[in-house]
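# Analysis of the macromolecular model
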Amino acid sequence: MDNRKKRTIRTSDITMTAMMAALVFLFTYFLKIPIPTGYIHVGDSIILLTVCLFGTKKGMIAGAIGAGLSDLIGGYVMWVGPTLVIKAVWALIMGLIMYRLMKGKKGGWIVGAIVGGAWQVAAYTLCAIPLYGLNAAGALAELGLEAIQATAGIVVCVVIYGLLIKTGALARIRNRFQ
């Protein structure tokens, strides 16, 4: 007889994750600043917010799907695969730091977001090198833009999350969906 606890997936979990993936897509696809090599966006803030509100797994799924879909629909097909992995790993890093390494410590989520953001900057830069061929300097030139994007996502998340805490909405959201 199998003694493992049967894990059920609630409809509200699927719905909330899908809604957050849609928000990641919207914040990435529509709220962007075009640059010659692509664009800078604030969709990362929703990925980070999802990890804060609903946990690591939902953040990973929402981030990968929302950002990957934005790349696909936006015509950046070569970036879909890397984006799926990079955004999911950023959420994983943040969640591990926030919920495991610094559990219950004030600011643990910010530390997780920053460390994950550094991962994103490094990962996208490394993924860009093969696309530039022998001109690795072109990929390295984008390093600053990747850092700006990661920083913008973190700052926007800090503002939104701070507002949710101050207004008491954070407690209501957590009580409703957890």
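Just above sits the structure.
Report on the accompanying structure.

What counts, and where the lines are drawn
Residues numbered from 1 in each chain as written. Predicted model: local features only at pLDDT ≥ 70, side-chain atom pairs only at ≥ 80, totals over all residues. Heavy atoms only, no water. Helix = DSSP H or I, 4+ residues; strand = E, 2+ residues; numbered from the N terminus. Buried < 20%, exposed > 50% of the residue type's maximum accessible area, 1.4 Å probe, protein only. Lys, Arg positive; Asp, Glu negative; His and termini not counted. Salt bridge = Lys/Arg side-chain N within 4 Å of Asp/Glu carboxyl O. Contact = heavy atoms within 4.5 Å. Axes fitted to C-alpha atoms, helices over the stretch in contact; angles between N-to-C directions. Left-handed = near helix turned anticlockwise from the far one by under 90°. Nonpolar A, V, L, I, M, F, W, Y, C, P; charged D, E, K, R; others polar. Parallel < 35°, antiparallel > 145°, perpendicular 65-115°, else oblique. Core = buried A, V, L, I, M, F, W, Y, C linked by side-chain atoms within 4.5 Å. Phe/Tyr/Trp six-rings, centres within 6.5 Å; stacked < 30°, edge-to-face > 60°. Lys NZ or Arg CZ within 6 Å of the ring centre and 35° of its normal. Expected span 1.5 Å × (residues − 1).

## Considering the side chain of Glu 146
Along the chain, the position of Glu 146 falls in helix α7 (residues 143-167). Buried Glu 146, no salt bridge; nearest opposite-charge side chain is Lys 87, N-O distance 6.4 Å. The residues touching Glu 146, leaving out its near neighbours within four places in the chain, are Val 121, Tyr 124 and Thr 125.

## A word on the environment of Lys 166
By the element assignment, Lys 166 lies in helix α7. A relative accessible area of 75% means that Lys 166 is categorised as exposed. Along the primary structure Lys 166 and Pro 34 are separated by 132 residues, whereas in three dimensions their C-alpha atoms are 33 Å apart.

## Considering the packing of helix α2 (residues 43-54) against helix α4 (residues 80-101)
In contact at an axis separation of 10 Å, α2 and α4 are set at 35° when each is read in the N-to-C sense. Relative to α4, α2 is oriented so that their crossing is right-handed. On the side of α2, the interface is formed by Asp 44, Ile 47, Leu 48, Val 51 and Cys 52, while α4 contributes Lys 87, Trp 90, Ala 91, Met 94, Gly 95, Met 98 and Tyr 99. Residues belonging to the contact of α2 with α4 are distributed by class as follows: nine nonpolar, one polar and two charged.

## Overview of the packing of helix α5 (residues 108-132) against α7
Running from N to C, α5 and α7 point in directions that differ by 155°, and their axes come no closer than 9 Å. Between α5 and α7, the crossing angle belongs to the class labelled roughly antiparallel. Handedness of the α5/α7 crossing: right-handed. Of the residues in α7, those in contact with Trp 109, Ile 110, Ala 113, Ile 114, Gly 117, Gln 120, Val 121, Tyr 124 and Thr 125 of α5 are Leu 143, Glu 146, Ala 147, Gln 149, Ala 150, Ile 154, Cys 157, Val 158 and Tyr 161. Taken together, the residues that form the contact of α5 with α7 break down as 13 nonpolar, four polar and one charged.

## Section: the nonpolar core
Core analysis: the largest hydrophobic core is formed by 28 residues, its most contacted members being Leu 48, Leu 53, Met 94, Met 98, Trp 109 and Tyr 161. When contributions to this core are tallied by element, the ones reaching two or more residues are α1 (11-29), α2, α3 (56-74), α4, α5, α7 and α8 (169-177). It is α2 that provides the largest number of residues to this core, a total of eight residues.

## Section: the packing of aromatic side chains
Overall, the coordinates contain five aromatic pairs when judged by the stated rule. Geometrically, the ring pair formed by Phe 25 and Tyr 29 is stacked, given 5.2 Å between the ring centres and 15° between the ring planes. Placement of the pair is Phe 25 and Tyr 29 together in helix α1, with a separation of four residues, close to one helical turn. Overall, Phe 25 belongs to the buried group, its relative accessible area being 15%. Here the aromatic rings of Trp 79 and Tyr 124 are separated by 5.6 Å at their centres, their planes lie at 55°, and the arrangement is tilted. Linking Trp 79 in the loop between α3 and α4 with Tyr 124 in helix α5, this pair joins segments that are 45 residues apart in sequence. The exposure class of Trp 79 is buried, given its relative accessible area of 14%. The rings of Phe 25, Tyr 29 and Phe 30 are connected pair by pair, giving a single aromatic cluster. Its guanidinium or amino end placed over the ring of Tyr 29, Lys 32 lies 4.4 Å from that ring's centre, counting from NZ or CZ.

## Brief notes about α5
Helix length check: α5 (25 residues) gives 36 Å between terminal C-alpha atoms against 36 Å at 1.5 Å per residue, within 8%. As for α5, its buried residues are in contact with α2, α4, α6 (136-141) and α7. Residue Gly 133 follows α5 closely and has a positive phi angle near 70°.

## Quick notes on the pattern of salt bridges
Under the criterion given, the structure shown has three salt bridges. We note a salt bridge from Arg 10 to Asp 13, for which the minimum N-O separation is 2.9 Å. The salt bridge involving Asp 44 is made with Lys 87; its shortest N-O contact spans 2.5 Å. You can see Asp 44 sitting in helix α2 and its partner Lys 87 sitting in helix α4, a full 43 residues away along the chain. Neither Asp 44 nor Lys 87 differs from the other in exposure class; each is buried. Each member of the salt-bridge network shares a partner with another, and the members are Arg 10, Asp 13 and Lys 58.

What is shown is where atoms sit, not what they do.
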